[in-house]
Amino acid sequence: MANYKIVSHGGSGLPLNVYGSGTITSRRNVCIWTDTGSTDQQWAIASLGSNQQVKSLNNLNYMLNANTSTWNCDVYTSNADTYINFILVSTGVYRLQYTRSRLVLKRVELSQSQPLQVILGSMAIPINSPIKAIGMPMKILIRIS
């Protein structure tokens, strides 16, 4: 298992972040946030292939989860909705697609003062969607520590 920083490929290239501070709890939302270098922005991944779990280095018991009740991406303990396929877009750039639901990570800009929220959606939504739900290819950067 290697440690990674997952960075938005579009816009400012900000990292995927577990929202809030302190100890991670179930259902904590995931967002795009300013790079702080904290473990809330670092992820353990066994392989950039199919059917993988993306675990938070803040607490390896919590991983990216497809919350299909709210359509948010959050962190939760291991279950059928925590497995992800890394779909190669170009060198070092992937779409993160949940194995069971086939939904991908997207971002929504709620306001300039709020973090970019990470939601779930179909890969079919066009990049220039008027609702600002943007298919979000992610750049996977190996974190060398």
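Residues numbered from 1 in each chain as written. Predicted model: local features only at pLDDT ≥ 70, side-chain atom pairs only at ≥ 80, totals over all residues. Heavy atoms only, no water.

Undergrad: What is the right way to read the confidence of the model for the protein chain from this model?
TA: Caution applies to low-pLDDT regions: their predicted coordinates should not be interpreted in detail. Residues of the protein chain with pLDDT of at least 70 account for 70%, and the chain-wide mean is 76. When pLDDT is averaged over each helix and strand of the protein chain, the minimum, 38, is found for strand β12 (residues 133-135) and the maximum, 95, for strand β5 (residues 54-56). Across residues 124-136, confidence stays below pLDDT 50; counting only partners more than four residues off in sequence or on other chains, it has 24 contacts. (pLDDT = per-residue confidence, 0-100. Helix = DSSP H or I, 4+ residues; strand = E, 2+ residues; numbered from the N terminus. Contact = heavy atoms within 4.5 Å.)

Undergrad: I would appreciate a short explanation of unusual backbone geometry in the present structure.
TA: Positioned with a positive phi, Arg27 is a non-glycine residue whose angle comes to about 70°. Here Arg27 lies in the loop between β2 (16-18) and β3 (28-32). Given the relative accessible area of 39%, Arg27 is considered partly exposed. Positive phi is not limited to glycine here, since Arg102 has a value of about 65°. Considering the arrangement of structural elements, one finds Arg102 in the loop between β9 (93-98) and β10 (104-108). (Buried < 20%, exposed > 50% of the residue type's maximum accessible area, 1.4 Å probe, protein only.)

Undergrad: I keep staring at the packing of aromatic side chains and nothing clicks. Help me out?
TA: The way to describe two aromatic rings as a pair is by their centre distance and the angle between their planes. All told, the structure shown has one aromatic pair when counted by the stated rule. Consider the rings of Phe86 and Tyr94, whose centres lie 6.0 Å apart with planes at 90°: the pair is edge-to-face. Tyr94 matches Phe86 in its accessibility class, with the two residues each being buried. The lysine or arginine in question, Arg27, covers the ring of Tyr76, its NZ or CZ lying 4.1 Å from the ring centre. (Phe/Tyr/Trp six-rings, centres within 6.5 Å; stacked < 30°, edge-to-face > 60°. Lys NZ or Arg CZ within 6 Å of the ring centre and 35° of its normal.)

Undergrad: For this particular structure, what's the right way to read the pairing of strand β8 (residues 84-90)?
TA: The side chains of a regular strand alternate between both faces of the sheet. Examined bridge by bridge, β8 and β9 share six bridges and lie antiparallel to one another. Looking at β9, one finds that Leu88 is bridged to Tyr94. (Pairing = 2+ DSSP bridges.)

Undergrad: Would you take a moment to explain the environment of Leu88 for this structure?
TA: Mapped onto the secondary structure, Leu88 falls in strand β8. Taking the C-alpha atoms as reference, Leu88 lies 8.9 Å from Leu48; in sequence the two are 40 residues apart.

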